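So the chains spell out like this:
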Amino acid sequence: MRELVKRLHPICRSMTGDGVRRTLEIIAETIPLELHEVPTGERVLDWTVPEEWNITDAYVKDASGRRVIDFARSPLHVVGYSVPVSATMTLEELRPRLHTLPEQPDLVPYRTGYFKHDWGFCLSENALRELPEGEYEVRIDSALTQGHLTYGEHVVPGKSADEVLISCHTCHPALANETLAGIAVATELARRLAGRRLRHTYRFLFAPAAVGAITWLARNRDRVDRVRHGLVLACAGDRGKLTYKRSRRGDTLIDRAAAHVLSTRESEIRDFVPFGYDERHFCSPGFNLPVGRLTRTPDGEFAEYHTSADDPSFVTEEAMAETLAAAEEIVEILEKETTYLNLEPYGEPRLGPRGLYGAPGIDQMAILWVLNLSDGEHGLLDIAVRSGIPFTTVASAARSLLEAGLLKEEGHRREILLQRVERES
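Report on the accompanying structure. (Residues numbered from 1 in each chain as written. Predicted model: local features only at pLDDT ≥ 70, side-chain atom pairs only at ≥ 80, totals over all residues. Heavy atoms only, no water.)

### Observations concerning the side chain of Asp 382
Reasoning step 1: Its place among the elements puts Asp 382 in helix α11 (residues 380–387).
Reasoning step 2: Looking at Asp 382, its side chain comes within polar contact range of the side chain of Arg 256, at 3.1 Å. (Helix = DSSP H or I, 4+ residues; strand = E, 2+ residues; numbered from the N terminus. Polar contact = N/O pair within 3.5 Å; in protein donor to acceptor, adjacent residues only side chain to side chain.)

Spelled out as structure tokens, the structure:
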């Protein structure tokens, strides 16, 4: 995962363009991707696919010909979606086009202007202070064309057509934690799911933030009801604690699974707010999908956010490994969550003759909790939460009881509730 972050970091990405395509090409070396090209001008919900933006070079040269601001050193030095420029300007004329962070004078900010048809450069406040008065050569070799917005999908098929949507954004340049760590975790999770016998189908979406997710929703409106669970991955590699943001519904299986998984780690659970990453689009009232968000330190809450300090050195292998492990444990709950019915509910059944009492590898309390709460009303996750026993241990106990003929599988809690509603209506 760390090597993928380092490899993707120098690429100039934006909402559209060759940088996004190159990023998807590199991801596709690990997992196959189906690429989708959506033309400029296509209506996607209340938005329109914008012009495609590409850039080959940009700089500001002083009187000696030295590049005092240089896109070749970092894509952060140019405001995203800047229009072409070729001019000679005084520092006074240029200054309104220069963006810095006075409170973080050593850092270069990330700025973009997708729909403004404007231009600008970014540099550190200290570098700006060192620029002498005089004339500067200003050049941006970019192009805005009738092109495409590009996104990629990777599907891991399961037994059911019901889908788990795993989403991350592919648009921001040179931001290792905010963007690339999420891509790396999603890619590795997809790789690890390959070849497994899965209950759900897993759809991994690699798309530009905001308009990319909106485009996917617009193009999949007739099948979006297949999404039973979803997770947005971002800010996945910093040293902060894991943070889960609930879906708009707040009590879906993905919300409860994430809360259970994170309860054993230093972590924080937050309620949904209609601001952040693409969870706000998936959770918009018309779709209201059960999609939460998994990060470490959330966007805007770490000092390196949207600055040149969010480089590969800011991302740690340990942090990405823990984020991946949490995502895998959430997947395990989605896969194994089941509601059972105790077939011997009157009194406690004899466990010894069935090899379930004092046998090696048998968690006795898990066996008893599963028997007691397998009443057709409680799923395995309910039992794990109430008992304080890890979900995997509870699931293992249920499997042993099922094999011993003491349980009957009732199915998903959601399906049971739907059937009950239908009966009552």
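### Examining empty space enclosed by the protein
Reasoning step 1: Here the structure, examined in full by the defined rule, presents 1 cavity of 30 Å³ or more.
Reasoning step 2: Volume-wise, the largest cavity comes out at about 40 Å³.
Reasoning step 3: If you trace the largest cavity, you find it lined by Cys 12, Arg 13, Ser 14, Trp 53, Pro 75, Val 78, Gly 80, Tyr 110, Thr 112 and Pro 173.
Reasoning step 4: Partitioned by chemical class, the residues of the lining of the largest cavity number 6 nonpolar, 3 polar and 1 charged. (1 Å grid on protein atoms, 1.4 Å probe; cavity = no way out; pocket = protein on both sides within 12 Å on 5 of 7 lines; lining within 4 Å. Points joined across faces, edges and corners; volume = space filled by probe spheres on them. Nonpolar A, V, L, I, M, F, W, Y, C, P; charged D, E, K, R; others polar.)

### With respect to the pairing of strand β5 (residues 67–70)
Reasoning step 1: With 3 bridges joining them, strand β4 (residues 52–61) and β5 adopt antiparallel strand pairing. Each bridged residue has a counterpart across the sheet, and for Val 60 the counterpart in β5 is Ile 69.
Reasoning step 2: Linking β4 back to β5 in an antiparallel pair, the connection comprises 5 residues, with Gly 65 at a positive phi of about 90 degrees. (Pairing = 2+ DSSP bridges.)

### Points about the pairing of strand β11 (residues 163–169)
Reasoning step 1: By the criterion of burial, β11 is predominantly enclosed, with 7 of the 7 residues buried.
Reasoning step 2: Where burial is concerned, the two faces of β11 agree: the one with Glu 163, Leu 165, Ser 167 and His 169 and the one with Val 164, Ile 166 and Cys 168 are both buried.
Reasoning step 3: In this sheet, strand β12 (residues 201–207) lies alongside β11 in parallel orientation, the contact comprising 7 bridges. Bridge pairing links Glu 163 to Thr 201 in β12.
Reasoning step 4: After leaving β11, the chain enters helix α5 (residues 176–193) and then returns to the sheet as β12, a path that is right-handed.
Reasoning step 5: Where β11 meets strand β13 (residues 227–233), 5 bridges bridge the pair, whose relative direction is parallel. Across the sheet, residue Ser 167 finds its bridge partner in β13, namely Val 232. (Buried < 20%, exposed > 50% of the residue type's maximum accessible area, 1.4 Å probe, protein only. Right-handed = clockwise from strand over helix to strand, strands pointing away.)

### A closer look at the packing of helix α7 (residues 253–262) against helix α9 (residues 317–336)
Reasoning step 1: One can describe the packing of α7 onto α9 by two numbers: an axis separation of 9 Å at closest approach and a directional angle of 130 degrees. When the axes of α7 and α9 are compared, the pair comes out oblique. Read as a crossing pair, α7 and α9 show a hand that is right-handed. On α9, the residues touching Leu 253, Ile 254, Ala 257, Ala 258, His 260, Val 261 and Leu 262 of α7 are Ala 326, Glu 329, Ile 330, Ile 333 and Leu 334.
Reasoning step 2: Partitioning the contact of α7 with α9 into residue classes produces 10 nonpolar, 1 polar and 1 charged. (Axes fitted to C-alpha atoms, helices over the stretch in contact; angles between N-to-C directions. Parallel < 35°, antiparallel > 145°, perpendicular 65-115°, else oblique. Left-handed = near helix turned anticlockwise from the far one by under 90°. Contact = heavy atoms within 4.5 Å.)

### Looking at the nonpolar core
Reasoning step 1: One finds Tyr 202, Phe 204 and Phe 206 to be the most contacted residues of the largest nonpolar core, which totals 70 residues.
Reasoning step 2: Among the elements that line this core, the one with the most residues is α5, at 10 residues.
Reasoning step 3: If we skip the residues at most four places from it in the chain, Tyr 202 touches His 154, Val 155, Val 156, Val 164, Leu 193, Val 331, Leu 334 and Glu 335.
Reasoning step 4: By size, the runner-up hydrophobic cluster in this structure holds 60 residues, among which are Leu 76, Cys 122, Ala 234 and Tyr 277. (Core = buried A, V, L, I, M, F, W, Y, C linked by side-chain atoms within 4.5 Å.)

### What to know about the sheet that holds β5
Reasoning step 1: The 4 strands are arranged β5-β4-β9-β6 in an open sheet whose pairing can be described as antiparallel. Each having just a single partner strand, β5 and β6 (85–90) make up the two edges of the open sheet. This sheet shows a mean twist of 15 degrees between the axes of neighbouring strands, independent of strand direction.

### Some remarks on the sheet that holds strand β1 (residues 34–39)
Whether parallel or antiparallel, the strands of a sheet pair through hydrogen bonds between backbone atoms.
Reasoning step 1: Read across the open sheet, the 8 strands follow the order β1-β10-β12-β11-β13-β16-β14-β15; overall the sheet is mixed. Every other strand in the sheet has two partners, leaving β1 and β15 (267–270) as the edge strands with one partner each. This sheet shows a mean twist of 20 degrees between the axes of neighbouring strands, independent of strand direction.
Reasoning step 2: Of the strand pairs in this sheet, strand β14 (residues 242–245) and β15 are connected by 4 bridges, and their pairing is parallel. Along β15, the bridge assignment pairs Lys 245 with Arg 270.
Reasoning step 3: The strands that α5 touches are β10 (148–156), β11, β12 and β13; relative to β12, the one it contacts most, it runs at about 155 degrees.

### Remarks on the environment of Thr 88
Reasoning step 1: Considering the arrangement of structural elements, one finds Thr 88 in strand β6.
Reasoning step 2: Assessed through its relative accessible area of 54%, Thr 88 is described here as exposed.
Reasoning step 3: Distance in space between the C-alpha atoms of Thr 88 and Pro 132 is 15 Å, their sequence separation being 44 residues.

### Regarding the packing of aromatic side chains
Reasoning step 1: The tally for this structure, following the rule as stated, stands at 7 aromatic pairs.
Reasoning step 2: With a centroid separation of 5.5 Å and 90 degrees between ring planes, the pair formed by Tyr 81 and Tyr 114 is classed as edge-to-face. Of this pair, Tyr 81 sits in the loop between β5 and β6 while Tyr 114 sits in the loop between β7 (98–99) and β8 (121–122), and the two are 33 residues apart along the sequence.
Reasoning step 3: Seen from their ring centres, Phe 302 and Tyr 305 are 5.6 Å apart, and the 85 degrees between their planes marks the pair as edge-to-face.
Reasoning step 4: On the basis of relative accessibility, which here comes to 9%, the residue Phe 302 falls in the buried class.
Reasoning step 5: Put simply, the rings of Trp 53, Tyr 81 and Tyr 114 pair up and form one aromatic cluster.
Reasoning step 6: Over the face of the ring belonging to Tyr 59 we find Lys 61, whose NZ or CZ atom lies 4.8 Å from the ring centre. (Phe/Tyr/Trp six-rings, centres within 6.5 Å; stacked < 30°, edge-to-face > 60°. Lys NZ or Arg CZ within 6 Å of the ring centre and 35° of its normal.)

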